[in-house]
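Spelled out, the chains give:
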Amino acid sequence: MKIAEIKSSNKFNLAANKKDLNHKYQVSKETQNTELNALISLLDEPSNPVFYKIKEKILYYGIDAIPFLEDAWDNSFDNNIQIRIEEIIHSIQLGNLKDALINWNKNNRLDLLEGFYLVSKYQYPDLNYNKLKEQVSRIEKDIWLELNSNLTALEKIKVINHVLFDINRFAGNKTNIDAPQNLFLNNLLETRKGNHLSLGILYIVLSQKLGIPIFGVNLPQHFILAYMDEVHDEKIVLEDENEVLFYVNPFNKGAVFTQREIELFIKHLKLKPNTSFYKPCDNTAIIKRLLENIIASYNKLGYLDKVEELKEILSVL
């Protein structure tokens, strides 16, 4: 057989194999869809133990099952079935969120905005990340237009504060500071209201995207920011506190202060001084604190089911 004929034969075999694989995938997908529909049709099962077995089998399909479940919900007039469908969809979304946070912490924790978005997905599972990124990018661009390389550190902070708090009207929600809504990215961008933590995370994201070395500090009862003398990697290790030029209070429109004010605050709280109160923390610590704050908010409101679920999510970090 000639070389040209061998090549032609190989191409034909590869094409045939690809077609065969596509056919098998189609058949497999059709089989999966048939099985899913069959399982969903059994959701009116009166026996709870049997229902839980059906639920486990549906959960196995993960997010692929959600469109089928939503379709079944739309076409059902049985309130009990709709409640069961909502329960299954929520379980799938919860599992998917845990996996996404594990992946973020392992592979992408330098992206603090993504971590903020993932936590917000607990309450708003249909959030569109690209849409939220675009909103943040518009604010970033407004700041970038006002910056230049000759500005001092304090002057850069003044620019960020002006764009964020004066032009875009972001502010601390002082009338309802404990509301969980203060801690979700989409609510922050929509209402322009947040607490010290959500405003702080947004401030960090915008600053770091523009190459400004601002990091979070896990001060008890109040999340603050540190402007570093030089850019370090994300998990900062400081030899002494002198590497922090100054601190920023995002809840008070970006007011600048020194270590002395932190020392007075710690003394007022009657806490033992700790170097972690002055040093920047990594993004995982920030997202953990975000979850802890949401847990505390829901706990105050008496949403104990949400508290337990959020503790599960926190545990994966």
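A brief structural summary. (Residues numbered from 1 in each chain as written. Predicted model: local features only at pLDDT ≥ 70, side-chain atom pairs only at ≥ 80, totals over all residues. Heavy atoms only, no water.)

1. Re the overall build of the protein chain
Now for step 1: Secondary structure summary: the protein chain contains 12 helices and six strands in total.
Now for step 2: When the 317 residues of the protein chain are sorted by exposure, 43% land in the buried category.
Now for step 3: A separation of at least 24 residues holds for 61% of the contacts in the protein chain among residues at least 6 apart in sequence.
Now for step 4: If you sum the accessible surface of the protein chain, you get close to 18,100 Å²; carbon and sulfur atoms cover 51% of it. (Helix = DSSP H or I, 4+ residues; strand = E, 2+ residues; numbered from the N terminus. Buried < 20%, exposed > 50% of the residue type's maximum accessible area, 1.4 Å probe, protein only. Contact = heavy atoms within 4.5 Å. Areas by Shrake-Rupley, 256 points an atom, 1.4 Å probe, with all protein chains shown as cover.)

2. Looking at the pattern of salt bridges
Opposite charge on two side chains permits pairing when their charged atoms draw close.
Now for step 1: If you walk through the whole model with that rule in mind, you get four salt bridges.
Now for step 2: In this structure, K98 engages E312 in a salt bridge whose closest nitrogen and oxygen atoms are separated by 2.7 Å. Highlighted residues: K98 in helix α4 (residues 79-107) and E312 in helix α12 (residues 304-315), separated in sequence by 214 residues. (Salt bridge = Lys/Arg side-chain N within 4 Å of Asp/Glu carboxyl O.)

3. A few points about the nonpolar core
Now for step 1: I143, F170, Y203, I214, I287 and L290 are the most contacted members of the largest nonpolar core, which totals 62 residues.
Now for step 2: Counting 17 residues, the second-largest nonpolar core is a separate cluster that includes L43, Y61, A65 and L69. (Core = buried A, V, L, I, M, F, W, Y, C linked by side-chain atoms within 4.5 Å.)

4. Here we look at the packing of helix α3 (residues 66-74) against α4
Now for step 1: One way to put it is that α3 packs onto α4 with a least axis distance of 10 Å and a crossing angle of 160 degrees. One element, α3, and the other, α4, form an angle in the roughly antiparallel class. Relative to α4, α3 is oriented so that their crossing is left-handed. Residues I66, L69, E70, A72 and W73 of α3 lie in contact with α4, whose contacting residues are Q82, I85, E86, I88, I89, I92 and Q93. (Axes fitted to C-alpha atoms, helices over the stretch in contact; angles between N-to-C directions. Parallel < 35°, antiparallel > 145°, perpendicular 65-115°, else oblique. Left-handed = near helix turned anticlockwise from the far one by under 90°.)

5. Quick word on a positive patch on the surface
Now for step 1: Taken together, R169, K174, K193 and K253 make up a surface patch of like positive charges.
Now for step 2: Here K174 lies in the loop between β1 (171-172) and α8 (185-191).
Now for step 3: The exposure class assigned to K174 is exposed, which follows from its relative accessible area of 62%. (Patch = residues over 30% accessible without salt bridge, like charges linked within 9 Å, V, L, I, M, F, W, Y side chains within 5 Å. Lys, Arg positive; Asp, Glu negative; His and termini not counted. Charge placed at Lys NZ, Arg CZ, Asp CG, Glu CD.)

6. Describing the sheet that holds strand β4 (residues 224-228)
Now for step 1: Pairing in this open sheet of four strands is antiparallel, and the strands run β3-β4-β5-β6 from one edge to the other. Each edge of the sheet is formed by a strand with only one pairing partner; in this case those strands are β3 (214-217) and β6 (255-257). Taking each pair of neighbouring strands and ignoring which way they run, the sheet shows an average axis angle of 35 degrees.
Now for step 2: With four bridges joining them, β3 and β4 adopt antiparallel strand pairing. The partner of G216 across the bridge, within β4, is L225.
Now for step 3: Taken strand by strand, helix α7 (residues 153-167) contacts β3, β4, β5 (244-249) and β6, and its axis lies near 20 degrees from that of β5.
Now for step 4: Helix-sheet contacts for helix α9 (residues 196-209) involve β3, β4 and β5, and the interaxial angle to β3 is about 155 degrees. (Pairing = 2+ DSSP bridges.)

7. Comments concerning the side chain of S120
Now for step 1: Inspection of the secondary structure puts S120 in helix α5 (residues 112-120).
Now for step 2: In this structure the side chain of S120 is engaged in a polar contact, spanning 2.8 Å, whose partner is the backbone nitrogen of L185.
Now for step 3: When residues no more than four places from it in sequence are discounted, the contact partners of S120 are L127, L183, F184, L185 and N186. (Polar contact = N/O pair within 3.5 Å; in protein donor to acceptor, adjacent residues only side chain to side chain.)

8. Some remarks on α7
Now for step 1: Taking 1.5 Å per residue as the helical rise, α7 with its 15 residues ought to reach 21 Å, and the 20 Å between its terminal C-alpha atoms agrees with that figure.
Now for step 2: Within the span of α7, buried status applies to A153, I157, V159, I160, N161, V163, L164 and F165.
Now for step 3: If you follow the buried residues of α7, they end up packed against α6 (129-146), α9, β3, β4, β5 and β6.
Now for step 4: Phi turns positive, to about 65 degrees, at R169, one or two residues after α7. (Expected span 1.5 Å × (residues − 1).)

9. Observations regarding the pairing of β4
Now for step 1: Most of β4 is tucked away, with five of its five residues classed as buried.
Now for step 2: The alternating pattern of β4 places I224, A226 and M228 on one face and L225 and Y227 on the opposite face, and all of these are buried.
Now for step 3: When β4 meets β5, the two strands line up antiparallel, connected through four bridges. Its bridge partner lying in β5, L225 is registered against V248.

10. Looking at the environment of A65
Now for step 1: Along the chain, A65 turns up in the loop between α2 (48-60) and α3.
Now for step 2: Expressed as a C-alpha distance, the spacing of A65 and N37, which sit 28 residues apart in the sequence, is 9.2 Å.
Now for step 3: Not counting chain neighbours up to four residues away, the residues in contact with A65 comprise L36, I58 and I92.

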